[in-house]
Amino acid sequence: MKVQGWMFLWLSVFILVVAGVYGWWSKEPVGTTALFLAFALSLMIGFYLAFTARRVDAMAQDNKEADVADEAGEVGFFSPHSWQPLALAVGGALAFLSIAIGWWLLFFSFPVLLIGLWGWVFEYYTGENQNQ
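Here the structure is a predicted model, which is why all the values come from computation and not from measurement. (Residues numbered from 1 in each chain as written. Predicted model: local features only at pLDDT ≥ 70, side-chain atom pairs only at ≥ 80, totals over all residues. Heavy atoms only, no water.)

J.: Whenever I open this one, the overall build of the protein confuses me. Can you help?
T.: Scanning the protein from terminus to terminus reveals four helices and zero strands. Starting at the N terminus and ending at the C terminus, the protein contains elements arranged as α-α-α-α. The C-alpha radius of gyration computed for the protein amounts to 24 Å, which surpasses the reference 14 Å derived for 132 residues by more than 25%, pointing to a less compact arrangement than a globule. The principal-axis extent of the C-alpha atoms belonging to the protein is close to 60 × 50 × 20 Å. Scored against the burial criterion, the 132 residues of the protein give a buried share of 22%. For the protein, the share of sequence-separated contacts (at least 6 apart) that also reach a separation of at least 24 residues comes to 59%. A total accessible area of about 10500 Å² is found for the protein, and carbon and sulfur atoms account for 73% of it. Positive and negative side-chain charges in the protein, numbering 5 and 10 respectively, have mean positions lying 21 Å apart. (Helix = DSSP H or I, 4+ residues; strand = E, 2+ residues; numbered from the N terminus. Rg over C-alpha atoms; globule rule 2.2 N^0.38 Å. Buried < 20%, exposed > 50% of the residue type's maximum accessible area, 1.4 Å probe, protein only. Contact = heavy atoms within 4.5 Å. Areas by Shrake-Rupley, 256 points an atom, 1.4 Å probe, with all protein chains shown as cover. Lys, Arg positive; Asp, Glu negative; His and termini not counted. Charge placed at Lys NZ, Arg CZ, Asp CG, Glu CD.)

The structure is reproduced here in structure tokens:
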């Protein structure tokens, strides 16, 4: 985690230099403001990563002799047979399509979204998968 913190801190220094040169050269306030905001965001992320790196154990990327497989492990649990993401995708597609077609389509997309979300959250509370 120390490596990522230092990378973001050095990136923020680079963005600050670029923002100064860009602001002096172009005299354009919107791009200069955007670059200064990017500097602030990069500085916040770098400070957070450097601060939390002191409180956590050393990870594999902090060891120069580490292999790629040293940090490998279980990523998480993914449901192999769930149909709920399909319902959420259809409901989301209909909701975004309502911007182009008409707002009346939201009345049909919200129930599909809610059914998909409800089914995905409570998928392992009922039925054959209740004890997983």
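Once the structure has been displayed, the description carries forward.
J.: What am I meant to see in the confidence of the model for the protein here?
T.: Of the residues in the protein, 97% reach a pLDDT of 70 or more, and the chain-wide mean stands at 89. No element of the protein has a lower mean pLDDT than helix α4 (residues 106-121), at 93, and none a higher one than helix α2 (residues 29-53), at 95. (pLDDT = per-residue confidence, 0-100.)

J.: Where do I start with helix α1 (residues 2-26) in this structure?
T.: Residues three or four positions apart in an α-helix share a direction because the helix packs 3.6 residues into each turn. In this model, α1 (25 residues) spans 36 Å end to end at C-alpha, consistent with the 36 Å of a helix rising 1.5 Å per residue. Of the positions making up α1, those classed as buried are G5, S12, I15 and A19. Its buried side turned inward, α1 meets α2. Two residues or fewer after α1 comes K27, characterised by a positive phi angle close to 60 degrees. (Expected span 1.5 Å × (residues − 1).)

J.: Please explain the side chain of S98 as it appears in this structure.
T.: Inspection of the secondary structure assignment puts S98 in helix α3 (residues 84-101). Sequence-distant contacts of S98, defined by excluding residues within four places in its chain, comprise W103, L105 and L106.

J.: So what exactly am I meant to see when it comes to the packing of α1 against α2 here?
T.: The axes of two packed helices give the description: the angle between them and the distance between them. For the pair α1 and α2, the least separation of the axes is 8 Å and the interaxial angle reads 165 degrees. Viewed along their axes, α1 and α2 adopt a mutual orientation that is roughly antiparallel. For α1 against α2, the interelement crossing comes out left-handed. Its residues placed into classes, the contact of α1 with α2 shows 18 nonpolar, ten polar and one charged. (Axes fitted to C-alpha atoms, helices over the stretch in contact; angles between N-to-C directions. Parallel < 35°, antiparallel > 145°, perpendicular 65-115°, else oblique. Left-handed = near helix turned anticlockwise from the far one by under 90°. Nonpolar A, V, L, I, M, F, W, Y, C, P; charged D, E, K, R; others polar.)

J.: How should I be thinking about α4 in this particular structure?
T.: Counted at 1.5 Å a residue, the expected span for α4 with its 16 residues is 22 Å, and the 22 Å between its end C-alpha atoms agrees. For α4, the full list of buried residues reads L106, S109, G116 and G119. In an axial view of α4, the angular spread of the buried residues amounts to 165 degrees, which keeps them on one side of the axis. Within α4, the exposed residues directed more than 90 degrees away from the buried face are F107, L114, I115 and W118. Looking at the buried residues of α4, the elements they touch are α3. (Arc of directions from axis to C-beta.)

J.: Explain the packing of α3 against α4 here, please?
T.: One way to put it is that α3 packs onto α4 with a least axis distance of 8 Å and a crossing angle of 155 degrees. Taken together, the axes of α3 and α4 lie roughly antiparallel to each other. Note on packing geometry: the crossing formed by α3 with α4 is left-handed. For the pair formed by α3 and α4, the contact residues are Q84, P85, A87, L88, V90, G91, G92, L94, A95 and S98 on the first element and L106, S109, V112, L113, I115, G116, L117, G119 and W120 on the second. When its residues are assigned to classes, the contact of α3 with α4 shows twelve nonpolar, seven polar and no charged.

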